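Spelled out, the chains give:
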Protein chains: 2
Amino acid sequence: MTTIVYIASSLDGYIADEDGSLDWLHNIPNPGASDFGFSDFMSEIDALVMGRVTFETVCGFEGAWPYSKPVFVLSNTLDRVPAELEDKAEVIKGSLPKVLETLHARKYTQLYIDGGKTVQSFLSEDLIDEMIITRVPILLGGGAPLFGSLAAPLEFEHVNSEILAGALVQSHYRRKL
Amino acid sequence: MTTIVYIASSLDGYIADEDGSLDWLHNIPNPGASDFGFSDFMSEIDALVMGRVTFETVCGFEGAWPYSKPVFVLSNTLDRVPAELEDKAEVIKGSLPKVLETLHARKYTQLYIDGGKTVQSFLSEDLIDEMIITRVPILLGGGAPLFGSLAAPLEFEHVNSEILAGALVQSHYRRKL
């Protein structure tokens, strides 16, 4: 079973600005309309795990539902997803090890872990195997941080890096065992 | 005149751990004893500008004085550097624009801006032209942060990136005008 983070961050480690906006991310010149490897990445995972806040943000996006794989929403307050998303998403509860056990039992083995707080929760229990971090060349100076505090450092190996649209540095890391 | 940051950071944006230690940085396997481009970089600059804390940290390093270029120490509390360093370093006072003006008048045009708080001060006044950031594949979970808060975002252009020792991602950025 593999848990993978795939996320864009400013150089100073924010995934959303002070207003929760992602405009700084969408303003990158992208003449080839590249998806920056996102669909390739999505084809390699079995399911997504995200927090309620990220889920509700995605629900607010205009246009079609963006994910082709099942979404599991970690939430203690939500009991079910909106009816129109019942074939796409479901609420999952319990400790993170228990969540992973449940998903594994349901034959999901490649999990995309999404959303700042969810990523931080998984990392704080050393439950992230890989991270694909795309650095956007901007300093936001504040906002929602990608990383949080840890009880002890976590070492990773560098797998590879790629420059996207002449601006983004996308680096793939794997937890050092 | 160009102000350049050249610094190593953990993936979560710390330049020293909770104890102020850099051991996590020195523990990277480096069989070729590479200096990761540091001497090439030093050959391109005229002088260093650092804060008192960084200066005192460097003074505490074992072995020879590490810099081949003049060091200017920003300090409101220090009046002079230790006598044995008088030919290598000097204290400089005043606002950052004034400091840059003074150094420019003294024919220093390529300035290496070093140290977490100094870098943050220059960035908060939008006085950094280039940044060479070397990302070490570790999450420290706390420590001395490289970046601080800003009144407004600062956009950069990606110049190039290089993988060092199969582990470090060194990216060069230039302020977008």
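Calculation criteria
- Within each chain, residues carry numbers counting from 1 in the order of the written sequence.
- Chains carry letters and ligands carry numbers; both start at the beginning, A for chains and 1 for ligands, and go up in the order they are written.
- Reporting in this predicted model follows two pLDDT cut-offs: at least 70 for local features of residues, and 80 or more for side-chain atom pairs to be given and counted; totals over whole chains, interfaces and linings ignore these cut-offs and use all residues.
- Just so you know, side-chain values use all the structure's heavy atoms and leave hydrogens and water out.
- Only DSSP runs of H or I covering at least 4 residues are called helices, and only runs of E covering at least 2 are called strands; the numbering of each starts at the N terminus.
- Taken over C-alpha atoms, the radius of gyration is set against a globule rule of 2.2 Å times the number of residues to the power 0.38.
- Think of it in three bands: with a 1.4 Å probe and only protein chains considered, a residue is buried below 20% of the maximum accessible area for its type, exposed above 50%, and partly exposed in between.
- By the convention used here, strands pair only if DSSP detects at least 2 bridges between them.
- Residue contacts follow a heavy-atom distance rule, with two residues in contact if any of their heavy atoms lie within 4.5 Å.
- As a rule, the C-alpha atoms of each element are fitted with a line to give its axis, helices using only the stretch in contact, and angles between N-to-C directions run from 0 to 180 degrees.
- Here, a salt bridge means any side-chain nitrogen of Lys or Arg that lies within 4 Å of a carboxyl oxygen of Asp or Glu.
- In this description, buried area is defined as the sum, over both parts, of the accessible area (probe of 1.4 Å) that is lost when the two are combined.

Visitor: Pulling in residues and values, what's your account of the overall build of chain A?
Guide: Tallying secondary structure elements over chain A gives five helices and eleven strands in all. Over its C-alpha atoms chain A spans a radius of gyration of 16 Å, differing by no more than 12% from the 16 Å that the globule rule assigns to 177 residues. Taken along the three principal axes of its C-alpha coordinates, chain A extends 40 × 40 × 30 Å. Taking all 177 residues of chain A together, 50% fall into the buried category.

Visitor: Outline the sheet that holds strand S1 (residues 2–10) of chain A, listing residues and values.
Guide: With mixed pairing, the nine strands of this open sheet are ordered in space as S5(A)-S4(A)-S3(A)-S6(A)-S1(A)-S7(A)-S11(A)-S10(A)-S8(B). Edge positions in the sheet fall to strand S5 (89–92) of chain A together with strand S8 (138–139) of chain B, since each has one partner strand and no second. In this sheet, strand S4 (residues 71–74) of chain A lies alongside strand S3 (residues 47–51) of chain A in parallel orientation, the contact comprising four bridges. Pairing of A:Leu48 across the sheet is with A:Val71, part of S4(A). Running at roughly 105° to S3(A), helix H3 (residues 52–59) of chain A makes contact with S3, S4, S5 and strand S6 (110–114) of chain A of the sheet.

Visitor: Give a description of the pattern of salt bridges that names residues and reports values.
Guide: Residues and elements named next belong to chain B. As enumerated under the stated definition, the model contains 18 salt bridges over all chains in all. We note a salt bridge from arginine 174 to glutamate 130, for which the minimum N-O separation is 3.7 Å. In this pair, arginine 174 sits in strand S11 (residues 168–175) while glutamate 130 sits in strand S7 (residues 130–136), placing the two residues 44 residues apart along the sequence. For glutamate 130, a relative accessible area of 14% puts it in the buried group.

Visitor: Talk me through the pairing of strand S11 (residues 168–175) of chain A; I want residue IDs and the actual numbers.
Guide: Look at any regular strand and the pattern is simple: side chains alternate between the two faces of the sheet. Residues and elements named next belong to chain A. Across the eight residues that make up S11, a large majority, seven, are buried. For strand S7 (residues 130–136) and S11, the ladder comprises six bridges, and the chain directions are antiparallel. Across the sheet, residue glutamate 130 finds its bridge partner in S11, namely arginine 174. Sheet topology places strand S10 (residues 154–164) next to S11; eight bridges connect them, and they run antiparallel.

Visitor: How would you sum up the interface of chain A and chain B? Please name residues and give values.
Guide: When the parts come together, some accessible area is lost, and that loss is often what is quoted as the size of the interface. Taken together, the contacts link 26 residues of chain A with 26 residues of chain B. Here chain A meets chain B over a buried area of about 2,300 Å², counting both sides, of which 65% is carbon and sulfur. Per-residue buried area on chain A facing chain B is highest for A:Leu11, A:Leu139 and A:His158; these three make up 26% of the total on that side. Connecting chain A to chain B are zero salt bridges. Contributions of two or more residues to the side of chain A that touches chain B are made by S7, strand S8 (138–139), S10 and S11 of chain A.

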